[in-house]
Amino acid sequence: MNIRKTTMKDLDQILSIYAYARKQMRLSGNPDQWGEDKPSPELIKNDIQNGSSYVIIDPISNDIAGVFTFIIGDDPTYQRIENGSWLNHDTYGTIHRIASCGTQKGIFRCCLAFCETLAPNIRIDTHECNRTMQHLLESNGYIKCGRIYVTDGSPRIAYQKQIQPATSNHRP
C-alpha cells in the first residue's frame, strides 16, 4: 500500500470512508466517539489544507482504502493527562481520525509504520468504548498512559509508543 497527502479531489471518497467508519463503530458498540457527523467536513478540509491529512492507496484498485491525520508537535488536548502520565515529554506525532473503507486489510498497521518513521514518539487516543482500537494499539506496542479530554470535553484513553529512546532525562 502507498501513502500520499490528501487533496481536495479526495474529499468525497474520504467522507464516504468516515461514514462507513461511523457505521462500523455503532455496530461494534461505540456509537458516541464520532456520533453521526464527526469528523466534520470543515475539519477534514482544514486537515487537507494544513498538509496533515493522508490517504492510503490500495495498490491493486488504486482506490483510497484509508485516511488519517498525522501532526508532529504539541497537541493541546494532550497537555493535561489524568490517571497516569506520558512515557516522556520529547517531540511526538499524533495520529487522529484514522478510518478504513473496510475493503483492505492492514490499513492500521500501514498507518502506524508510516507515522513511526516520522517521529520519535507517537501519541494517539480513543474512546473507552472503542475496544477494537484499544486492541489494535496494545497489540502494536502502544502503552496506555492515562485519560485526556478532547476539545468537546469528552474523555479518551491516551496511548503512546516510544519509537526512539528518550532524548532527555526528564520523566513525568
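Up top is the structure these notes are about.
Report on the accompanying structure. Since the structure is predicted, the reported quantities are computational estimates derived from the model, not experimental observations.

The next thing to look at is the pairing of strand 3 (residues 64-72). Burial analysis of strand 3 places seven of its nine residues in the buried class, the great majority of the element. One ladder, built from five bridges, connects strand 2 (residues 53-57) with strand 3; its direction is antiparallel. Of the residues in strand 3, the one forming a bridge with Val55 is Val67. Here strand 2 folds back onto strand 3 in antiparallel fashion, the turn holding six residues, of which Asn62 has a positive phi close to 65°. Note: strand 3 against strand 4 (residues 93-100), six bridges, orientation antiparallel. Across the sheet, the residue bridging to Phe70 is Ile95, located in strand 4.

The subject of this paragraph is the pattern of salt bridges. As enumerated under the stated definition, the model contains seven salt bridges in all. The salt bridge involving Arg26 is made with Glu36; its shortest N-O contact spans 3.6 Å. Of this pair, Arg26 sits in helix 1 (residues 11-27) while Glu36 sits in the loop between helix 1 and helix 2 (41-50), and the two are ten residues apart along the sequence. Relative accessible area serves as the criterion here: at 34%, Arg26 is assigned to the partly exposed category. Glu36 sits in the exposed class, given a relative accessible area of 59%. One salt bridge in this structure joins Lys144 and Glu138, with 3.9 Å as the shortest N-O distance. For Glu138, a relative accessible area of 41% translates into the label partly exposed.

Below, the discussion takes up helix 4 (residues 131-139). Among the residues of helix 4, Met133, Gln134 and Leu137 are the ones counted as buried. Considered in projection along helix 4, the buried side chains sweep an arc of 100° and stay on one side of the axis. Those residues of helix 4 that are exposed and aimed more than 90 degrees away from the buried face are Arg131 and His135. Looking at the buried positions of helix 4, the neighbouring elements they touch are strand 4, helix 3 (107-116), strand 5 (121-126) and strand 7 (155-162).

The subject of this paragraph is the environment of Leu87. Within the fold, Leu87 resides in the loop between strand 3 and strand 4. Owing to a relative accessible area of 18%, Leu87 belongs among the buried residues under this scheme. For the pair Leu87 and Asn140, spaced 53 residues apart in sequence, the C-alpha to C-alpha distance is 16 Å.

About the cut-offs
- Residues numbered from 1 in each chain as written.
- Predicted model: local features only at pLDDT ≥ 70, side-chain atom pairs only at ≥ 80, totals over all residues.
- Heavy atoms only, no water.
- Buried < 20%, exposed > 50% of the residue type's maximum accessible area, 1.4 Å probe, protein only.
- Helix = DSSP H or I, 4+ residues; strand = E, 2+ residues; numbered from the N terminus.
- Pairing = 2+ DSSP bridges.
- Salt bridge = Lys/Arg side-chain N within 4 Å of Asp/Glu carboxyl O.
- Arc of directions from axis to C-beta.
- Contact = heavy atoms within 4.5 Å.

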